[in-house]
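Listed below, chain by chain, are the residues.
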Amino acid sequence: MSDPRSARGARSPRGAGRPPRGANPESRQRLLASAARLFSAHGAASVSLRRIAADAAVAPTLVAYHFGDKEGLLNAVLDVAFERLLAVIERAMQRPEDALIPGFVPAYLAALARDPWIAPLMVREVLSHDGGGRRRFIERFGRRVAELVPPALAEEAAKGRLRADLDPRLTLLSLVGMCAFPFIAEPVLGPVFGYRIDPAFADRLAAHTTDIFINGARSRP
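It should be emphasised that the depicted structure is a prediction, and the values quoted were computed from it without experimental measurement.

Summing up its helical and strand segments, the chain has 10 helices and zero strands in all. When the helices and strands of the chain are listed from N to C terminus, the series reads α-α-α-α-α-α-α-α-α-α. Looking at the chain residue by residue over its 221 residues, the buried ones come to 43%. About 11,600 Å² of surface is accessible on the chain, with carbon and sulfur atoms providing 55% of the total.

Now the structure itself:
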């Protein structure tokens, strides 16, 4: 798993004064990486800050220094996930000369495979209960995606690349579901169907999903 980088919206460190030993950007990244892995595997409520610090091999005081408390740390991890996925989507929107879906699907799936903690984290901290993670998802990710993608899909239909009778918002829901579900369900379906999350699987799924989706959504004479 690649280490999550710094994220906007994390709580500010403690006030002025001498920072604790080991307080540096590397210790922050190590805490983010450990928290991402442990939160996605067990849920934030089940993981203590001391366990996260031990996994990151840093002093427990550095959690408070960098993030304030567990909520601040969870928010920072969520923001890393949101920003990485948004970056993929925004890059896809910036290529108007190419068809949107064939470019978007491989990039989105590659991002989920590169950071396999993102999908289970979304299930545990965004979908499973009505908490701060859900509100943060809506405000920092969901609304931005709703602003970007449906108009782009409508433009694809206007160019004749997609069927004009497709609802852009429902099309987005279908597309995200086809991409994300295999990652969300991998703990259960992976052993049944013989797959695991890695770049090779992401490539195969991208080709398969793009083919199925385009054949169903492509504009026909």
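Resuming the write-up.
Before going further, it helps to spend a moment on the nonpolar core. General note: in soluble globular proteins, nonpolar side chains tend to be found buried as a group. With 64 residues, the main nonpolar core has Phe-39, Leu-73 and Phe-183 as its most contacted residues. Counting residues per element, this core draws most heavily on helix H4 (residues 70-93), which supplies 13 residues. Discounting residues that sit within four places of it in the chain, Leu-73 has contacts with Leu-31, Leu-32, Ala-35, Phe-39, Leu-49, Ile-52, Val-63 and Phe-67.

The next thing to look at is the side chain of Thr-209. Position of Thr-209 among the secondary structure elements: in helix H10 (residues 199-217). Residue classification places Thr-209 among the buried residues on the basis of a relative accessible area of 1%. The contact partners of Thr-209, leaving out residues within four places of it in the chain, are Val-105, Met-178 and Cys-179.

Running from N to C, helix H8 (residues 168-184) and helix H9 (residues 186-193) point in directions that differ by 85°, and their axes come no closer than 6 Å. Put simply, H8 runs roughly perpendicular to H9. On H9, the residues touching Phe-181, Pro-182, Phe-183 and Ile-184 of H8 are Glu-186, Pro-187 and Leu-189. Here the residues of the contact of H8 with H9 sort into six nonpolar, no polar and one charged.

On to the confidence of the model for the chain, then. Looking at the chain, pLDDT values average 88 and 89% of them are 70 or higher. Of the regions scoring below 50 in pLDDT, residues 5-13 engages in 31 contacts with residues more than four places distant in sequence or in other chains.

We now examine the packing of aromatic side chains. Two aromatic rings are characterised by how far apart their centres lie and by the angle between their planes. For the coordinates displayed, the defined rule picks out six aromatic pairs. For the ring pair Phe-104 and Tyr-108, a centre distance of 5.2 Å and an interplane angle of 20° mean the geometry is stacked. Of the two residues, Phe-104 and Tyr-108 are both situated in helix H5 (residues 100-114); the distance of four residues between them amounts to about one turn of the helix. Taken individually, Phe-104 and Tyr-108 each receive the classification buried, so the pair is uniform in this respect. With 6.0 Å between their ring centres and 65° between their planes, Phe-183 and Phe-201 make a pair best called edge-to-face. Taken as a pair, Phe-183 in helix H8 and Phe-201 in helix H10 lie far apart in primary sequence, 18 residues in all. As far as burial versus exposure is concerned, Phe-183 and Phe-201 are alike and both buried.

What follows is about helix H6 (residues 118-127). Inspection of H6 places Ile-118, Ala-119, Leu-121, Met-122, Glu-125 and Val-126 among the buried residues, and these make up the whole buried set. Projected down its long axis, H6 carries its buried residues within an arc of 155°, all on one side. Buried residues along H6 sit in contact with helix H1 (25-42), H4, H5, helix H7 (132-158) and H8.

Evaluated as defined, the whole model comprises 11 salt bridges. Linking Arg-140 and Asp-79 is a salt bridge whose minimum nitrogen-to-oxygen distance equals 3.6 Å. Here the residue Arg-140 occupies a position in helix H7, and Asp-79 occupies one in helix H4, the gap between them amounting to 61 residues. Among the salt bridges present, the one from Arg-144 reaches Glu-147, with a minimum N-O distance of 3.5 Å. Placement of both Arg-144 and Glu-147 in helix H7 is noted, with a separation of three residues, approximately one turn of the helix.

The rules behind each value
Residues numbered from 1 in each chain as written. Predicted model: local features only at pLDDT ≥ 70, side-chain atom pairs only at ≥ 80, totals over all residues. Heavy atoms only, no water. Helix = DSSP H or I, 4+ residues; strand = E, 2+ residues; numbered from the N terminus. Buried < 20%, exposed > 50% of the residue type's maximum accessible area, 1.4 Å probe, protein only. Areas by Shrake-Rupley, 256 points an atom, 1.4 Å probe, with all protein chains shown as cover. Core = buried A, V, L, I, M, F, W, Y, C linked by side-chain atoms within 4.5 Å. Contact = heavy atoms within 4.5 Å. Axes fitted to C-alpha atoms, helices over the stretch in contact; angles between N-to-C directions. Parallel < 35°, antiparallel > 145°, perpendicular 65-115°, else oblique. Nonpolar A, V, L, I, M, F, W, Y, C, P; charged D, E, K, R; others polar. pLDDT = per-residue confidence, 0-100. Phe/Tyr/Trp six-rings, centres within 6.5 Å; stacked < 30°, edge-to-face > 60°. Arc of directions from axis to C-beta. Salt bridge = Lys/Arg side-chain N within 4 Å of Asp/Glu carboxyl O.

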